[in-house]
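Close look at the chain arrangement
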Amino acid sequence: MSKELPPWEKAREEFVAQWGSLGTQWGINRTMAQIHALLMTAPQPMSTDEVMEKLQISRGNAHTNLKDLVSWNLVRIITHKGDRKEYFEAEKDVWKIFITISKERKRREIEPAIHLLRDCAAQTKDEPAGPGRDFHQQMKELDEFLSFGIKVADTVITMKHASALQWAMRLLG
């Protein structure tokens, strides 16, 4: 006989499913995002076996994605004296999650893109007028734009949560 879930558990399942879809928008796969959502909303740290059971995923899938979440600094490994199992706990502070994701995306995606733009600009700096010169100029403008975006993001992530919200409200009117 199946037991009816309490309302918060039903809502949690919906959240976990939706967070999985959102995760693909910020650079991680659906399962990794679902595990993150599950751990973020878990009352206690969870073991790999508990994650596998709750999400109906394989051990390999759970292990790989948990390891990736740890490398993203979104999840911590918790150990208990006398217990060989590892347990996983997600950061629950929304502002810290935002900062962590921003830093990781910068490191993994934006910085390599800026290096590529700068390399392309350096390789084409002596191009004469025409398509080669236009390409060089486009690379420089993209570099300037991304570099400006990085400076804004770096400023925001160094602010306290309330200060950042106040700044954003002033900026956005």
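Details of the structure are given in the entry above.
This text gives an overview of the structure that appears in the document. (Residues numbered from 1 in each chain as written. Predicted model: local features only at pLDDT ≥ 70, side-chain atom pairs only at ≥ 80, totals over all residues. Heavy atoms only, no water.)

We now examine unusual backbone geometry. Positive phi outside glycine occurs at Q56, with the angle close to 55°. Examined against the element boundaries, Q56 turns out to sit in the loop between α3 (48–55) and α4 (59–71). Residue Q56 is classed as exposed on the basis of its relative accessible area, which comes to 67%. Of note in the backbone geometry, N73 takes a positive phi value of approximately 65° without being a glycine. (Helix = DSSP H or I, 4+ residues; strand = E, 2+ residues; numbered from the N terminus. Buried < 20%, exposed > 50% of the residue type's maximum accessible area, 1.4 Å probe, protein only.)

On to the packing of aromatic side chains, then. On inspection of all chains with the given rule, the structure shows 2 aromatic pairs. For the pair F15 and W19, a centre-to-centre distance of 5.3 Å together with 35° between the ring planes defines the contact as tilted. Within this pair, F15 and its partner W19 are both found in helix α1 (residues 7–23), separated by 4 residues, close to a single helical turn. According to the relative accessible area criterion, W19 is buried, its value standing at 18%. (Phe/Tyr/Trp six-rings, centres within 6.5 Å; stacked < 30°, edge-to-face > 60°.)

Moving on to the pairing of strand β2 (residues 75–79). With 5 bridges connecting them, β2 and strand β3 (residues 86–90) associate as antiparallel partners. What sits directly across from I78, in β3, is Y87. Following β2, the chain reverses through 6 residues before pairing antiparallel with β3; G82 in that reversal takes a positive phi of roughly 85°. (Pairing = 2+ DSSP bridges.)

Time to look at helix α5 (residues 94–123). Taking 1.5 Å of rise per residue, the 30 residues of α5 would be expected to cover 44 Å, and the 42 Å separating its terminal C-alpha atoms lies within 8% of that figure. Along α5, the helix axis deviates most sharply at K106, where the bend reaches about 45°. Along α5, the residues classified as buried are W95, I97, I99, T100, I101, E104, I114, L117, C120 and A121. Buried residues in α5 make contact with α2 (30–40), α4, α6 (131–158) and α7 (161–172). (Expected span 1.5 Å × (residues − 1). Bend = angle between axes of the 7 residues up to and from the residue. Contact = heavy atoms within 4.5 Å.)

Turning to the environment of V94, a few remarks are in order. Looking at the element boundaries, V94 is found in helix α5. Taking the C-alpha atoms as reference, V94 lies 30 Å from D83; in sequence the two are 11 residues apart.

Moving on to the pattern of salt bridges. Summed over all chains, the structure comprises 14 salt bridges. A salt bridge links D49 to R59; its shortest N-O distance comes to 2.6 Å. Taken together, the residues span a long stretch of sequence, with D49 in helix α3 and R59 in helix α4 at a distance of 10 residues. The salt bridge partner of E91 is R76, with a shortest N-O separation of 3.5 Å. Taken together, the residues span a long stretch of sequence, with E91 in the loop between β3 and α5 and R76 in strand β2 at a distance of 15 residues. In this structure E91 comes out as buried when scored by relative accessible area, which is 18%. (Salt bridge = Lys/Arg side-chain N within 4 Å of Asp/Glu carboxyl O.)

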